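# Topology and contacts: notes
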Amino acid sequence: KHMITTVTLNAAIDKTYYLPAFPLGKMSRVQRFNAAPGGKGINVAKVAAQLGEPVTATGFVGGMNGEIIKQLLDQIGIAHDFVSVAGESRLCLNILDEAKGTSTELLEQGPSVDEGAQKAMETKIRDLASRSRIVCFSGSLPAGVPKDYYVGLVAIAKEAGAYVILDASGDALRFGLEAKPDMIKPNEDEVAALLGIEVADEEALRQAVETLLQKYDMDRISVSLGGAGSMIAAKTGCYRVKTPKVDVVNTVGCGDSFVAGMAVSLARGSSFEDGLALASAAGTSNAMTDQAGMIDPEVVDRLRQQVQITRL
Ligand code: TA6
């Protein structure tokens, strides 16, 4: 079994507007836009598929937007197995101001998920995880589910024998940690918040991630440092990863692309360092494209050879 399953509890249509300028309080006509199936887990699925690994996307979808999300996934050949809910899946809008190079995200709340659907998801995860090597849970929790909803789902996936990646933030991450996922991808602020400390510099960050890793008996913790690369703690030590400088077009979805690279390398049984290079290259390649969850496999191949990994 080497399939990857991605879980997006609040699936979305990611709509990107490309504007030469974005004057606030003024009317703009949108000449160029793109609509894609999105939400963090679906972005992970798209990038894993582009890297050539079999993947199944699950999560909650609802209404016409839910139908569109499934159709868009069909069009790009990604297998999916969602739980349907009442209400309408959300639209996540990313407005790229091409002059300023800024990205403004407007994320709808999405549908509320009732108890019946919550239970149905537990059954779905049990089934998919038993056939998967890796299960990635990504993104915020939808309305209607308890704050600790990830705890039960992560536990089910682990019991079924899958390697579990949890990419969430705030309470969803804090509670989810109790089920001891194998990997998490918090940012610096989240690391500080989880431990209730301040993280002033990279040395403090190293100590903090190592503490977290031991506390929850995890396999690895990756902390993105944006254009400066990332830091990753694993059982064998802590590493600083530097990625090559590139022309950044759109950073939305870089974290998801990193997770996808990690999941692919774990599914393939690659070495730790090769996996780290692939994940970092996938994240960087995503930043060079104008769509979230989009990479260029040839660029990834070139970049992964330029990723520098130093043991701290
Ligand atoms: O990581 C980027 C992104 O996937 C956007 O494309 C958008 O769909 C958003 O995240 C959703 O994040 P959330 O945490 O609310 O699921």
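The sections below set out a description of the structure shown in this document. (Residues numbered from 1 in each chain as written. Predicted model: local features only at pLDDT ≥ 70, side-chain atom pairs only at ≥ 80, totals over all residues. Heavy atoms only, no water.)

Neighbouring residues of the ligand: Asp14, Gly39, Lys40, Asn43, Arg90, Cys92, Gly139, Ser140, Val252, Gly253 and Asp256. Taking Asp14, its side chain carries an N or O atom lying 2.4 Å from an oxygen atom of the ligand. With respect to the ligand, the backbone of Gly39 contributes an N or O atom lying 3.2 Å from an oxygen atom. Burial of the ligand by the surrounding chains reaches 90%, relative to a free accessible area of 390 Å². Put simply, the parts of the chain that give the shell around the ligand at least two residues each are α1 (40-50) and β7 (90-97). Among the residues forming the shell around the ligand, the class breakdown is 2 nonpolar, 5 polar and 4 charged. (Near = heavy atom within 4 Å. Polar contact = N/O pair within 3.5 Å; in protein donor to acceptor, adjacent residues only side chain to side chain. Areas by Shrake-Rupley, 256 points an atom, 1.4 Å probe, with all protein chains shown as cover. Helix = DSSP H or I, 4+ residues; strand = E, 2+ residues; numbered from the N terminus. Nonpolar A, V, L, I, M, F, W, Y, C, P; charged D, E, K, R; others polar.)

With that settled, consider the pairing of strand β13 (residues 230-234). Each regular strand carries side chains that alternate between the two faces of the sheet. Across the 5 residues of β13, 5 count as buried, placing the element largely inside the fold. Neither face of β13 is open: one carries Ser230, Ile232 and Ala234, the other Met231 and Ala233, and all of them are buried. Relative to β13, strand β12 (residues 220-224) runs antiparallel, the two being bridged by 5 bridges. Bridged to Ile221 within β13 is Ala233. Connecting β12 to the antiparallel partner β13 that follows it, the hairpin turn spans 5 residues, and Gly226 within it adopts a positive phi of roughly 65 degrees. Count of turn residues in the β13/strand β14 (residues 237-242) antiparallel hairpin: 2 residues. (Buried < 20%, exposed > 50% of the residue type's maximum accessible area, 1.4 Å probe, protein only. Pairing = 2+ DSSP bridges.)

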